[in-house]
Amino acid sequence: MTPFDYVRAGSMREAVELRSRSPNAAFLAGGTTLTDLMKGGVEKPSLLVDIRRVPDLDYINVSSGKASLGALTKNSDLATDPALMKAAPMLTQAIAAGASPQIRNMATLGGNLLQRTRCPYFRNQAFACNKRSPGSGCAALTGYDRGHAVLEGSSQCVATHPSDLAVALVALGGEIQAEHISGQRNIPLSEFFRPPGETPWIETSLQRGALIVFVETDLPPEARRSVYLKVRDRASYEFALASAAVGLHQDGSRIIGARIALGGIATRPLRFATAEASLIGRTADEAAFRDAAAIALGEARPGRENGFKVELAKRTLVKALKLASELQQ
Amino acid sequence: MSLGDPIPRRDGPLKVAGRATYAADQHPQGIAYAAPVLSTIASGEVLSIDTRPAMQRAGVLTVLTPDNMPALGQLTDLKGGTLGEPRLPLSDRLVEYDGQLVGLVVAESLELANEAAALVQIVYAPGTPRSEIERSSDRFRPKDFYGIAELQTQRGDVDEALSASPFRLQHSYETSVEHHNPMEPHATTALWEGDRLIVYDSTQGVISTRNVLAHFFGLPAGNVRVICPYVGGGFGSKGYVWPRTILAAAAAKATGRPVKLALSRQATFSNNGHRGRTIQTVSLGADQLGRLIAIRHHTLTQTSLAGVHVEPSGIATGMLYACDNVAVSHEVARVTTGSPTAMRAPGEASGVYALECAMDELAEAIGMDPLELRRRNHAVSDPETGKPFSSKHLLACYERGAQAFGWSRRDPRPRSMTANGMLIGWGMASATYPANMRPSSARVEAEPDGRFVVTAATQDLGTGAYTILAQIAAAALGVPVEKVRCELGDSALPEATLSGGSSTSASVGSAVHEAALKLRTQLSAGGAPMAEAHHEPGELEKQYSAHSFGAHFVEVAVDPELAVIRVRRVVSAMDVGRILNHRTAQSQIRGGVVWGIGMALMERTGFDPATGRLVTRNLADYLVPVNPDVPEIQVILIDEPDPHFGPIGARGMGEIGITGLPAVIANAVWHATGVRVRRLPIVIESILHQL
Amino acid sequence: MTPPDLSRRDLIYLTASGGLLGLGAPGSNAEAESQQAQARPEKRSVELTVNGERREFQIAPSVTLLDALREHLELTGTKKGCDHGQCGSCTVLVGGRRVLACLILAISEHQGEPIETIEGLARDDGVHPLQAAFVAHDALQCGYCTPGQIMSAIGLLREGRPADDDAIREGMAGNICRCGAYEGIVAAIRSISAGGVE
């Protein structure tokens, strides 16, 4: 690792103040992404502001219609919280499907949302990567791109966002509260993740130096009848090739509400409002689900080796919707 | 207690306590840490190296580069050992693959060494990489595989026989570059005591490592001691001597300090071998009864620019089935990757895959049960050499495996079986691996307290050597096994062979057996309390063809929507001669099966097409099976001692478990889905669009 | 063939560390790096409670808990398999929870929760029942991943009794065993789970 200085923050306010003093500082929470990337020289902060002991950021409050989740809440606690499991199965299933038990014991909610891509070109310094080294190019465009995005990629970047949790959160909607030296700000989840466009190094709309304080997720009626389905090569401990977070609200067999987000196939966790809308009023059957999947993947533009992910994502979505519709409301 | 008893693994208590010491667990007084500088191009030349930014860091002791690397002995006349990469590290400025060692930083701490390695500035003149065998026109036809097996063979008239065959098929099968990835990354701790070199190395061969180091440092073999009591898996990647071992010794000499060089997982992908990719074309001809008339098996594989190792995929093809007309050939393309090396069942793992897939396709073409097809082609004697088999119970493997699996209930039609919405597929294939025996010595001593100690310069890679060698000695001495312990993994002990080719039981085990018998005679005559024996293949072994055999049966479940394939159960029936310990033997076969699952469904090293560089150089991108990938594996051990192979009649079993297994899975996937996949690994996109 | 936007001339500037020199775009931190080089933070005093024992030592902030255990405290039972959170060999318990020592900075655990490693598992020089079960079920071969497997299993059992073998398998998904001793590992954990130990 490149040498760095280390300080501990005792409070949220102290954390953002400490960070504001150094242009090249980073927050350290679970460390599962940051420590990893520092070892490879991909991240080279000059100062680490350790926020692991900042109080009052580790909580799960589930009430009707909302769940408030502290940014330092561990993934393992989120995945096994009984109220959350009942209120939004897609969310707890998504978290449980991510990484490994050990990593879920370390990783925090805030860090999970900010985790960096698994693109091997991003993680290996000698390759061109606009995310890591803006302006250097994107080696993945001509490279080994089996794991890369088929949606929302640009000429500058086709890296996928690796989070499972974020896919479910995006499907549910809600907002993120962030603390910055200049004050607090709420960011709707729908605006949090940014497509790469011409600036792939800007991944979220979080202000530089801001700290995620909590996530307040919506718990619409669709949340209770929801599923997270993750597809990967090996049975566990692997990032998604494709995943779907879906929820249905039905009146009998008629769909009156739907939530759809997909992971593993786009440059960010992506919600599909048009596909959701296509389901409203329709009978919950395979034909409806297939139509929604066709809409969701309509704009897909695969690269060299990831063409199968278009079809795989469609089938993952259809299967997830089927599983959700088979659940008791 | 007798030979074969399932006594618990002898090294178990130490390992579960975390007290077994591996090469990187050593802490000699005054230790310094080394970190490699790896090339970031796959082909080209180092124009300049600036080590000053690294050297300026307080605590950096030296940076070895081609500019200051001390001269070592010549590459020629390398006796009693083999280099994995037939090229000396830091001996020139050529870069022949991604991740080649181009420098080595030695520093006071591990973190400083790693940090300083990132500060070494290198300017390259890039050349033209070629990582794919199809793109390399630099090709040759190897004559043999280390003198053990011919790689271009022919018997009968294959062309004519094929054209005369009522049933004919020809298909190409591909396997991917694979990396061993033992859990212990390759590591060396080296120190000098005057002109004596002591090396703690993660190796499958303390003697060969000693010999190679003695050669290159110009020392008598007695001045070099290589110690390796425990090794965290090898699977072939620690068989030969790789650059890090030589560099660690050189760095210790240059700094006058003990040096620990533990490679990062990423670095192990470049400098420690891999299984080369293969493209194999198999042609089969058969009559209406399913009897093979002709087999042609051609393999295109790869080696590095300097390399000699090739994946000998065709070596089992001539002996597995009775057939009069067989042609086996190999062609090798040179590519800009690190050197390939032996990887669990080199040749058989890839080659039996292709042959046994083709057999399944032949069974389908003829309309015959795949198991029946194998039975009809059973070879009573070795069809390649004409010699009798030393012992062969393959038919028993078929029968007992099939019975345990319930094979007779298989509906032969593809897509005919389902369970819980999943497509179910049943497949089977034969397994085979040769019995290898190499010269080895061992010593058995009686201690004053009535206990015995077995010593040999072999190593236990997790195979159970500590356990079975004690059992062999106890049986020969006629004492309870509790009274016998082993000391292994030290080149100062009696010379034994490399732990590779499933040879330890037959090689070292035979020497232990003979030494123990000798000691027993001595003791009963009031003689010396110590006996040593040397064993090597004799006249007996020359008269017979010695191979192990087996049959695997596998059930897979395929999600008809998502194309996800999971293995649901495995039955493996194995004829490997005498079983020395039923507990560790089962684990050996299970381990091979798990490797087969990995090879079949996920293992693949990816290269960047533009630069020829590795892109899957970690355990998140290079997938190996995790616990939920592995179902119950029922192992049936035939346990018939081989009367014509060594004094114990055990043929070794480290490798046979993987052979055939990838074919069984491919065959089961066909049975589940109706889709023939002829490339490994079989992943979602292999079948998605055809479901 | 070279990637677009990357000429042959640019390729020459690939450095040993793999640093592809940025083309002057935002985020290039060459300046920050040179500042860091001048003001290299000193070693810090770190105090950890490992296996019930308080240990104090001096290390740079960049030292991971894994390297601190192995190279500074000479507790080498905890193994380094990948150093990137991809294998589970370095699993230890912190505050009773299983975590990966390779992804934790030791300084971040300064005066923190108690750390348990494989060396501290057995009490009174005996053997923990799970260690004995690993031997009995031949849940290991080379033994390198074993300390991590056992510490992970201890964590799993503390999280609650696994419902069935599949729950054990998934609960142990973060620990790779390349020798393929998974069946024995599941059996060993099942035997302890059923016996109600831990």
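Parameters at a glance
- Residues numbered from 1 in each chain as written.
- Chains lettered and ligands numbered in written order.
- Predicted model: local features only at pLDDT ≥ 70, side-chain atom pairs only at ≥ 80, totals over all residues.
- Heavy atoms only, no water.
- Helix = DSSP H or I, 4+ residues; strand = E, 2+ residues; numbered from the N terminus.
- Rg over C-alpha atoms; globule rule 2.2 N^0.38 Å.
- Buried < 20%, exposed > 50% of the residue type's maximum accessible area, 1.4 Å probe, protein only.
- Contact = heavy atoms within 4.5 Å.
- Areas by Shrake-Rupley, 256 points an atom, 1.4 Å probe, with all protein chains shown as cover.
- Lys, Arg positive; Asp, Glu negative; His and termini not counted.
- Charge placed at Lys NZ, Arg CZ, Asp CG, Glu CD.
- Domains from an automatic or database assignment.
- Buried area = accessible area lost by both parts, 1.4 Å probe.
- Salt bridge = Lys/Arg side-chain N within 4 Å of Asp/Glu carboxyl O.
- Polar contact = N/O pair within 3.5 Å; in protein donor to acceptor, adjacent residues only side chain to side chain.
- Nonpolar A, V, L, I, M, F, W, Y, C, P; charged D, E, K, R; others polar.
- Phe/Tyr/Trp six-rings, centres within 6.5 Å; stacked < 30°, edge-to-face > 60°.
- Lys NZ or Arg CZ within 6 Å of the ring centre and 35° of its normal.
- Pairing = 2+ DSSP bridges.
- Core = buried A, V, L, I, M, F, W, Y, C linked by side-chain atoms within 4.5 Å.
- Disulfide = S-S within 2.5 Å.
- Axes fitted to C-alpha atoms, helices over the stretch in contact; angles between N-to-C directions.
- Left-handed = near helix turned anticlockwise from the far one by under 90°.
- Patch = residues over 30% accessible without salt bridge, like charges linked within 9 Å, V, L, I, M, F, W, Y side chains within 5 Å.
- Parallel < 35°, antiparallel > 145°, perpendicular 65-115°, else oblique.

Regarding its fold elements, chain B presents 17 helices and 27 strands. The C-alpha atoms of chain B give a radius of gyration of 25 Å, which matches the 26 Å a tight globule of 691 residues would have. A burial count over chain B gives 68% of its 691 residues as buried. The contacts in chain B between residues at least 6 apart in sequence include a share of 81% that link residues at least 24 apart. With an accessible surface of roughly 21,100 Å², chain B has 50% of that area assigned to carbon and sulfur atoms. Charged side chains in chain B number 62 positive and 70 negative. The centres of these two groups are separated by 2 Å.

Attention shifts here to the domain arrangement of chain A. Residue and element names in this part refer to chain A. According to the domain assignment, chain A contains domain 1 (1-55), domain 2 (60-114 + 163-218) and domain 3 (222-326). Between the C-alpha centres of domain 2 and domain 3 there is a distance of 20 Å. Of the residues lining the interface, 24 residues belong to domain 2; the matching set on domain 3 comes to 23 residues. Summing the contributions of domain 2 and of domain 3, the shared interface buries around 1,800 Å²; its carbon and sulfur component is 61%. Summed over the three residues of domain 2 that lose the most area to domain 3, namely Met90, Val167 and Ala171, the buried surface amounts to 28% of that side. At the boundary of domain 2 and domain 3, one finds one salt bridge. Between lysine 230 and aspartate 164 there is a salt bridge, with its nearest N and O atoms 2.8 Å apart. Taken together, the connections running from domain 2 to domain 3 amount to nine residue pairs in polar contact (both at pLDDT 80 or more). Among the secondary structure elements, those contributing two or more residues to the side of domain 2 that touches domain 3 are α4 (82-87), α5 (89-96) and α9 (165-172). Among the elements that line the side of domain 2 that touches domain 3, the one with the most residues is α9, at six residues.

Tallying the contact residues gives 37 residues for chain B and 31 residues for chain A. Connecting chain B to chain A are four salt bridges. Glu561(B) is the salt-bridge partner of Lys322(A), the closest N and O atoms lying 2.5 Å from each other. Linking chain B with chain A are twelve residue pairs in polar contact (both at pLDDT 80 or more). Residue composition of the side of chain B that touches chain A, grouped by class: 20 nonpolar, five polar and twelve charged.

Turning our attention to the packing of aromatic side chains. Each pair of aromatic rings is reported with the distance of its centres and the angle of its planes. For the coordinates displayed, the defined rule picks out 16 aromatic pairs over all chains. Ring centres 4.9 Å apart and planes at 65 degrees place the aromatic pair Phe145(B) and Tyr146(B) in the edge-to-face group. Classification of Phe145(B) as buried rests on a relative accessible area of 10%. An aromatic cluster is built from Tyr22(B), Tyr230(B), Tyr466(B) and Tyr144(C), whose rings are joined through pairwise contacts. One residue, Arg178(C), lies across the ring of Trp595(B), its end atom 3.9 Å from the ring centre.

Residues and elements named next belong to chain B. Of all seven residues in strand β5 (residues 101-107), seven are buried, a share of seventy percent or more. Note: strand β1 (residues 32-38) against β5, six bridges, orientation antiparallel. Within the sheet, the bridge partner assigned to alanine 34 lies in β5 and is valine 106.

Moving on, we get to the nonpolar core. In terms of nonpolar packing, the biggest core is built from 251 residues, with Leu279(A), Leu297(A), Leu284(B), Val556(B), Ile665(B) and Ile189(C) touching the most fellow members. At eleven residues, helix α9 (residues 348-366) of chain B tops the list of elements feeding residues into this core. Every residue in contact with Leu284(B), bar those within four places of it in the chain, is listed here: Leu162(B), Phe167(B), Arg168(B), Leu169(B), Leu292(B), Ala294(B), Ile295(B), Leu355(B), Ala358(B), Met359(B) and Leu362(B). Of all hydrophobic cores here, the second largest spans 43 residues; its members include Leu104(B), Leu213(B), Leu219(B) and Leu263(B).

Further remarks concern the interface of chain B and chain C. It is common to give the size of an interface as the accessible area that goes away when the parts come together. With 71 residues of chain B at the interface, the matching set in chain C holds 57 residues. Contact between chain B and chain C buries roughly 5,200 Å² in total, counting both sides, with carbon and sulfur atoms accounting for 55%. On the chain B side of the contact with chain C, Val16(B), Met183(B) and Asn627(B) bury the most area, a combined 16% of that side's loss. At the junction of chain B and chain C, the tally comes to six salt bridges. A salt bridge links Asp25(B) to Lys79(C); the shortest N-O distance between them is 2.4 Å. Connecting chain B to chain C are 29 residue pairs in polar contact (both at pLDDT 80 or more). Elements supplying a minimum of two residues to the side of chain B that touches chain C: α1 (12-16), β1, α3 (110-117), β6 (121-126), α7 (265-271), α15 (582-601) and β27 (632-637) of chain B. Of the residues forming the side of chain B that touches chain C, the biggest block, eight residues, is contributed by α15(B).

Okay, the environment of Ile597(B) next. All names here are of chain B. Here isoleucine 597 is to be found in helix α15. Sequence separation between isoleucine 597 and aspartate 629 is 32 residues, and the spatial gap between their C-alpha atoms is 8.2 Å. The residues contacting isoleucine 597, other than those within four sequence positions of it, are Val567, Met602, Pro625, Asp629, Pro631, Leu661 and Ile665.

With that settled, the discussion passes to the domain arrangement of chain B. Residues and elements named next belong to chain B. Domains assigned within chain B are domain 1 (23-128 + 183-233 + 238-271), domain 2 (144-178 + 274-435 + 543-690) and domain 3 (438-536). When each unit is reduced to the centre of its C-alpha atoms, the spacing between domain 1 and domain 2 is 36 Å. Counting residues at the interface gives 20 residues for domain 1 and 20 residues for domain 2. The junction of domain 1 with domain 2 conceals about 1,600 Å² of combined surface from both sides, 63% of it contributed by carbon and sulfur atoms. Three residues, Glu96, Asp98 and Phe269, lead the burial of domain 1 against domain 2; their summed loss comes to 34% of the area buried on that side. Across the pair arginine 613 and aspartate 98 runs a salt bridge whose closest N-O atoms are separated by 2.9 Å. Counting every contact that joins domain 1 to domain 2 gives three residue pairs in polar contact (both at pLDDT 80 or more). Among the residues making up the side of domain 1 that touches domain 2, the classes are represented as eight nonpolar, seven polar and five charged.

The next subject is the sheet that holds β6(B). Residues and elements named next belong to chain B. Read from one edge to the other, the open sheet built from three strands follows the order β4-β2-β6, with strand pairing classed as antiparallel. Strands at the two margins of the open sheet, each flanked by one partner only, are β4 (94-95) and β6. With two bridges connecting them, strand β2 (residues 44-50) and β4 associate as antiparallel partners. Pairing of glycine 44 across the sheet is with valine 95, part of β4.

In protein chemistry, a disulfide is the covalent bond that joins the sulfur atoms of two cysteines. One pass over the full model with this rule turns up zero disulfides over all chains. Cysteine Cys486(B) remains unbridged, with the sulfur of Cys228(B) as its closest cysteine sulfur at 15 Å.

A few words now on the packing of helix α12 (residues 465-477) of chain B against helix α13 (residues 504-524) of chain B. Residues and elements named next belong to chain B. As a packed pair, α12 and α13 sit with axes 8 Å apart at the nearest point and diverge in direction by 35 degrees. Of the two elements, α12 crosses α13, and the hand of that crossing is right-handed. Residues Ala465, Ile468, Leu469, Ile472, Ala473, Ala475, Ala476 and Leu477 of α12 lie in contact with α13, whose contacting residues are Thr504, Ser505, Val508, Gly509, Val512, His513, Ala516, Leu517, Leu519 and Arg520. For the contact of α12 with α13, the residue count by class is 13 nonpolar, four polar and one charged.

A contiguous nonpolar surface patch, about 320 Å² in accessible area, is contributed by Tyr146(B), Ile148(B) and Val308(B). With respect to the helices and strands, the residue Ile148(B) is situated in the loop between β8 (144-145) and β9 (149-150).

All names here are of chain A. The interhelical angle for the contact between α5 and α9, taken along N-to-C directions, is 165 degrees, at an axis separation of 7 Å. The orientation of α5 relative to α9 falls into the category roughly antiparallel. Considering the relative orientation of α5 and α9, their crossing is right-handed. Residues Met90, Leu91, Ala94 and Ile95 of α5 pack against Leu165, Ala168, Leu169, Ala171 and Leu172 of α9.

The strands that make up a sheet are held in pairs by hydrogen bonds between backbone atoms, and each pair lies either parallel or antiparallel. Residue and element names in this part refer to chain A. One open sheet holds the three strands; their spatial order is β1-β3-β2, and the pairing between them is parallel. The two strands at the open ends of the sheet, each matched to only one other strand, are β1 (5-8) and β2 (25-28). Between one strand axis and the next, the sheet turns by 25 degrees as a mean value, whatever way the strands run. In the sheet, β2 pairs with strand β3 (residues 47-50) via four bridges, with the strands oriented parallel. Bridging across to β3, leucine 28 finds its partner in aspartate 50. Sheet contacts for helix α1 (residues 12-20): β1, β2 and β3; angle to β2, the most-contacted strand, approximately 150 degrees.

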